[in-house]
Protein chains: 2
Amino acid sequence: MKTAITPTRAENFSEWYQNLITAADLAENSPVRGCMTIKPYGWAIWELMRDEMDKRIKAQGVQNANFPLLIPIEFFNKEAEHVAGFAKEAAVVTHYRLRMIDGTLQPDPDSKLTEPYIIRPTSETIIGEAMSRWVQSYRDLPLKLNQWVNVMRWEMRPRMFLRTAEFNWQEGHNAFATHAEANADARKMHGIYADYMRDVLAIPVIRGEKTPEERFAGADHTYTVEQIMQDGKALQAGTSHDLGQHFAKSFGIQYLGADGKLQNAWTTSWGTSTRMMGGLFMTHSDDDGLVLPPAVAPYQIVIIPITRDENAAELNAFAENVGQQLRAVGIRVLVDTCDMRAPDKMWKWIKRGVPLRVEIGAREMADAMATVTRRDLGKSSKQTIAIADLVAGASDMLAGIQRDMYNAAAARNDTMIVNVADLDALESELAAGRVAFFRLKYDMTTNERFDGLIEKYKISRRCLDDNDPTYVFVAKSY
Amino acid sequence: MKTAITPTRAENFSEWYQNLITAADLAENSPVRGCMTIKPYGWAIWELMRDEMDKRIKAQGVQNANFPLLIPIEFFNKEAEHVAGFAKEAAVVTHYRLRMIDGTLQPDPDSKLTEPYIIRPTSETIIGEAMSRWVQSYRDLPLKLNQWVNVMRWEMRPRMFLRTAEFNWQEGHNAFATHAEANADARKMHGIYADYMRDVLAIPVIRGEKTPEERFAGADHTYTVEQIMQDGKALQAGTSHDLGQHFAKSFGIQYLGADGKLQNAWTTSWGTSTRMMGGLFMTHSDDDGLVLPPAVAPYQIVIIPITRDENAAELNAFAENVGQQLRAVGIRVLVDTCDMRAPDKMWKWIKRGVPLRVEIGAREMADAMATVTRRDLGKSSKQTIAIADLVAGASDMLAGIQRDMYNAAAARNDTMIVNVADLDALESELAAGRVAFFRLKYDMTTNERFDGLIEKYKISRRCLDDNDPTYVFVAKSY
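Read on for an overview of the structure. (Residues numbered from 1 in each chain as written. Chains lettered and ligands numbered in written order. Predicted model: local features only at pLDDT ≥ 70, side-chain atom pairs only at ≥ 80, totals over all residues. Heavy atoms only, no water.)

### Overview of the relation of the copies chain A and chain B
Note on the copies: chain A fits chain B at an RMSD of 0.0 Å, the axial shift is 0.0 Å, and the rotation between them is 180°. Seen this way, the second copy is the image of the first under a two-fold rotation axis. Identified as the residue of chain A closest to the rotation axis by C-alpha distance is Val93 of chain A, at 2.2 Å. The share of interface residues of chain A whose copies in chain B are also at the interface is 100%, consistent with both copies meeting through the same surface. (Least-squares fit on C-alpha atoms with pLDDT ≥ 70 in both. Contact = heavy atoms within 4.5 Å.)

Okay, structure coming up:
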């Protein structure tokens, strides 16, 4: 059977992913090394994802702010583990003017900065410096901040959405009076991320704490939300860090307690990014293109009038009227009346993953009926129903798609989590080419033999199992 | 009379402005040269401004997208006027890694880029390059794009909100098949900006085309929206450019016409930024602090319970209930029950410009009354009214504040626009220290004598008068 995307997932998952992005018109590689351009359809998805996340973050009493893009190197250098983790991928600004020299536009040597800046890879340092001034007394705590910004980490093996030099994200940075509060905050956001992925992205996740090897550079505890892609690889989709007093001590975030004593604060940071979009696309899509959960679909329903020359005006107007009725019940609808053949329109919106496709031809119009097809189930779901029933039932149908997409992903996840009794069993699975989330006792992965397997099979410890932290998940990852 | 902000506007306008920003907790200078940190209260205002502008832009059929932060120097260099306009303030990225050398963290010489990048000062070039691929046929036009991003122009004399090295903005970039359509688009957005400032920011503007001396680098026509600050200086608050075929030719944005001929497209660009916030603050605020129009006030109403120890719990709960009633009619309300003296709360929210202040004490609670004061009118507007009337009338009261603030600014503008008959008259006004928008025949300002006045009095041509383009406005500016 011919599919809209070639190669198929089974043939070559990684090429399929690239072609999916092109076919759905989501993004493209840009002329800037490792950076992508997010095209309008992709950005519309991100705006929905961002607005819903923003609402959930604000509901926690967090306030948005905006800190500078550039970070003085001296700030960056204040926390030793942090600098070790990020220095190798920092974009450095060294000049502030261009000049024509020998016919070439070049950095003007006279504009060289005494202290270069780096483009933020993350903002713990510059926000830590601000917090050291904003926090004076226990009354100033907790201080809960977030920003939606672009960051940059020079990537050697970029991949659209999953790993790009520049990416967009939200980064929350909170300060507390006690370790208990800070740790509770990091754990709470971990849960909020997991809930968001379940409820909004229809993605079931593996939750747990990172092992020391995989912690954020400068954290005491890193809590992660891992997604399982259709090819069995892991995607780290969101992390939340208990930073202990590392940044408080490096930047002097101190407060005068109710007892009159000066103490160091405790901080957290947590973030999710456009990377989640890669997880969304790789979790739900199929060989015909994108499949979007209704919650983040720019158009939840597309209406395609199947016109002939003699009835085009009338049928387009009829379809537009159905669109208005659906918009009136709060649904995002596109009525595609553009000058293109109906089958081409159909494939265009299949590839772009619109959850529900509604076709209306002359006969349907006469009968006040419409033919409805779910993107997630395809042809088998096709049915012709009364337009009145479509309008009355559309919200429920979309909720059903959202729920079924989650359940389908959860059922697949179950087949991809494999318990292994010992390292022999793990090695034989890996040697056989199995790609999955292997679950084994954590102490098995803290020895030389396991380090050898990491090297040989390019796997990594994803996280401890929240249900029993003596177990760890290991997998290949994006 | 003691004022909350010292010095007053009359004593020192520019210091007053700095202190206003601090007193209202809007922003602060950051450790990065020329860059500010926008604090939560300031950012909440920007989010309201941005969301409303975004809605108006999308209503024009424009789609948001996201292009890279970095621009290859070769792209930047393709349009001669453009590069001449921006090269002198470009932040340059030359390395992609840091290394510890002799105990100092430095750009790693081994990571030097063959082709440096600049941080976008504006995105005509990189978007032009994308358009050259996205536009192939007349069917692809018009192409209407916008992005909300940060940009950077190295500023030698930074000033919070008005002129900062990094700032946030929206930049629209559209391509059309004909010059007529492109020019109409540039003019339409000019009008949309003016309407937005009138309806949302309560700011009356001077609209007109820039003279050739003041055009955007690479434009055929630049349309500007100028605001008059309380000190009589001009603030350019938004511009819209008809770029002719400059960028289409430099980047090869060509389309195959319906006639089968290959033609160059015509492009426009238009932008507004966080600079508008500076205009908002300097237009409406007074010697007691910020005055916000209700449309962009994070809290439109603040309720302050005037509690005593014995009734605090009951009164706070009562105030919270009034807050809920107001929220139910769609108003953004803060009920300030925090642990602070009532007069301190009152001054805090006066300085932060909350449009309507509601005080409820024991007697008011008993009578189901509240004392209401408008921020724009101050004490003279103080009245005690039934809470039922407050809830029923709050939307109208806020609309009245919005309208009156606009009218007050318009009345002040009228006093600041001065017609001058000749250059002698202009010079004597300037020599007398008058700061205003001087209106005179444009041909008077295209000679050496006028250039001498520009130099001497630091004025500039702001724009031609839209009502009669043979006249031009000249003024000092921010």
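The rest of the description comes next.
### Regarding the sheet that holds strand β13 (residues 234–242) of chain A
Residues and elements named next belong to chain A. Read across the sheet, seven strands follow the order β3-β9-β10-β16-β13-β12-β11 without closing on themselves; strand pairing throughout is mixed. Strands at the two margins of the open sheet, each flanked by one partner only, are β3 (63–64) and β11 (206–209). Alignment of β13 against strand β16 (residues 266–273), held across four bridges, turns out to be antiparallel. Bridge pairing links Asp242 to Thr268 in β16. With respect to the sheet, helix α5 (residues 124–134) is in contact with β9 (143–152), β10 (166–176) and β16, its orientation differing from that of β9 by roughly 150°. (Pairing = 2+ DSSP bridges. Helix = DSSP H or I, 4+ residues; strand = E, 2+ residues; numbered from the N terminus. Axes fitted to C-alpha atoms, helices over the stretch in contact; angles between N-to-C directions.)

### Points about helix α6 (residues 179–199) of chain B
Each α-helix winds once per 3.6 residues, and so residues spaced three or four apart point in a common direction. Here α6 of chain B spans 30 Å end to end across 21 residues, near enough to the 30 Å set by a 1.5 Å rise per residue. Residues of α6 of chain B that are buried: Ala182, Asn183, Asp185, Ala186, Met189, His190, Gly191, Ile192, Tyr193, Ala194, Tyr196 and Met197 of chain B. (Expected span 1.5 Å × (residues − 1). Buried < 20%, exposed > 50% of the residue type's maximum accessible area, 1.4 Å probe, protein only.)

### Concerning the pairing of strand β8 (residues 112–119) of chain A
Residue and element names in this part refer to chain A. Looking at chain direction, strand β4 (residues 70–72) and β8 are connected through three bridges and run antiparallel. Bridging from a neighbouring strand, Leu70 pairs with Ile119 of β8. Where strand β5 (residues 92–95) and β8 come together, three bridges link them in antiparallel fashion. Each bridged residue has a counterpart across the sheet, and for Val92 the counterpart in β8 is Ile118.

### Some words on the packing of helix α2 (residues 40–58) of chain B against helix α8 (residues 275–284) of chain B
Packed helices, taken two at a time, are described by the angle their axes make and the gap between the axes. Residues and elements named next belong to chain B. Contact pair α2 / α8: the axes reach a minimum separation of 11 Å and the direction vectors enclose 110°. Classed by the angle they form, the pair α2 and α8 counts as roughly perpendicular. For α2 against α8, the interelement crossing comes out right-handed. For the pair α2 and α8, contact is made by Gly42, Ile45, Trp46, Met49 and Met53 and by Met276, Met277, Leu280 and Phe281, respectively. Of the residues assigned to the contact of α2 with α8, the class counts are eight nonpolar, one polar and no charged. (Parallel < 35°, antiparallel > 145°, perpendicular 65-115°, else oblique. Left-handed = near helix turned anticlockwise from the far one by under 90°. Nonpolar A, V, L, I, M, F, W, Y, C, P; charged D, E, K, R; others polar.)

### Points about helix α14 (residues 448–457) of chain A
Residue and element names in this part refer to chain A. Looking at α14, one finds that the buried residues are Phe450, Leu453 and Tyr457. The arc that holds every buried residue of α14, seen down its axis, measures 50°, which confines them to one face. Away from its buried face by more than 90 degrees, α14 exposes Glu448 and Glu455. Where α14 is buried, its residues contact α13 (423–431), β24 (460–465) and β25 (468–475). The N-terminus of α14 is capped by Asn447, whose side-chain oxygen sits 3.3 Å from the backbone nitrogen of Arg449. Two residues or fewer past α14, Lys458 is found with a positive phi of approximately 50°. (Arc of directions from axis to C-beta. Polar contact = N/O pair within 3.5 Å; in protein donor to acceptor, adjacent residues only side chain to side chain.)

### With respect to the pairing of strand β17 (residues 301–305) of chain B
A regular strand carries its side chains on alternate faces of the sheet. All names here are of chain B. For β17, the buried fraction is high: five of the five residues fall into the buried class. Side chains of β17 alternate between two faces, with Ile301, Ile303 and Pro305 and Val302 and Ile304 buried alike. Two strands pair when backbone bridges link them, and β17 and strand β18 (residues 333–335) are joined in this way by three bridges, in the parallel orientation. Note on β18: the bridge partner recorded for Ile301 is Val333. Between the parallel elements β17 and β18, the chain passes through helix α9 (residues 312–328) in a crossover that is right-handed. Pairing between β17 and strand β19 (residues 356–360): five bridges, direction parallel. The residue bridging Ile301 from the neighbouring strand is Leu356, located in β19. (Right-handed = clockwise from strand over helix to strand, strands pointing away.)

### What to know about the interface of chain A and chain B
Counting from both sides, the interface comprises 63 residues of chain A and, opposite them, 63 residues of chain B. When the area that chain A buries against chain B is broken down by residue, the three leading residues are Asn66, Tyr96 and Leu98 of chain A, summing to 12%. A salt bridge links Glu28 of chain A to Arg133 of chain B, with the nearest nitrogen and oxygen atoms 2.8 Å apart. Joining chain A to chain B, the criterion identifies 28 residue pairs in polar contact (both at pLDDT 80 or more). Split by residue class, the side of chain A that touches chain B holds 39 nonpolar, 10 polar and 14 charged. As judged from the three bridges shared by β5 of chain A and strand β5 (residues 92–95) of chain B, these two strands associate in the antiparallel manner. Along β5 of chain B, the bridge assignment pairs His95 of chain A with Val92 of chain B. (Buried area = accessible area lost by both parts, 1.4 Å probe. Salt bridge = Lys/Arg side-chain N within 4 Å of Asp/Glu carboxyl O.)

### Here we look at the sheet that holds strand β13 (residues 234–242) of chain B
The strands making up a sheet are joined through hydrogen bonds of the backbone, oriented either antiparallel or parallel. All names here are of chain B. Spatial strand order, β3-β9-β10-β16-β13-β12-β11: seven strands in an open sheet with mixed pairing. Every interior strand has two partners, whereas the edge strands, β3 (63–64) and β11 (206–209), have only one. The sheet contact formed by strand β9 (residues 143–152) and strand β10 (residues 166–176) spans 10 bridges and is antiparallel. Within β10, the position partnered with Trp148 by the bridge is Gln170. Sheet strands touched by helix α5 (residues 124–134): β9, β10 and β16 (266–273). Its angle to β9, the strand with the most contacts, is close to 150°.

### Section: the packing of aromatic side chains
How two aromatic rings sit relative to each other is set out by the distance from centre to centre and by the angle between their planes. Overall, the coordinates contain 26 aromatic pairs over all chains when judged by the stated rule. Taking 5.7 Å as the distance between ring centres and 35° as the angle between the ring planes, the aromatic pair formed by Phe67 of chain B and Trp134 of chain B counts as tilted. Remark: Trp134 of chain B occurs in helix α5 and Phe67 of chain B occurs in the loop between β3 and β4 (70–72); sequence separation between them is 67 residues. A single burial state applies to Phe67 of chain B and to Trp134 of chain B, both of which are buried. In textbook terms, an aromatic cluster arises when at least three aromatic residues are bridged by ring pairs, as seen for Tyr41, Tyr299 and Trp349 of chain A. The cationic tip of Arg352 of chain B hangs over the ring face of Tyr41 of chain B; the distance from NZ or CZ to the ring centre is 5.3 Å. (Phe/Tyr/Trp six-rings, centres within 6.5 Å; stacked < 30°, edge-to-face > 60°. Lys NZ or Arg CZ within 6 Å of the ring centre and 35° of its normal.)

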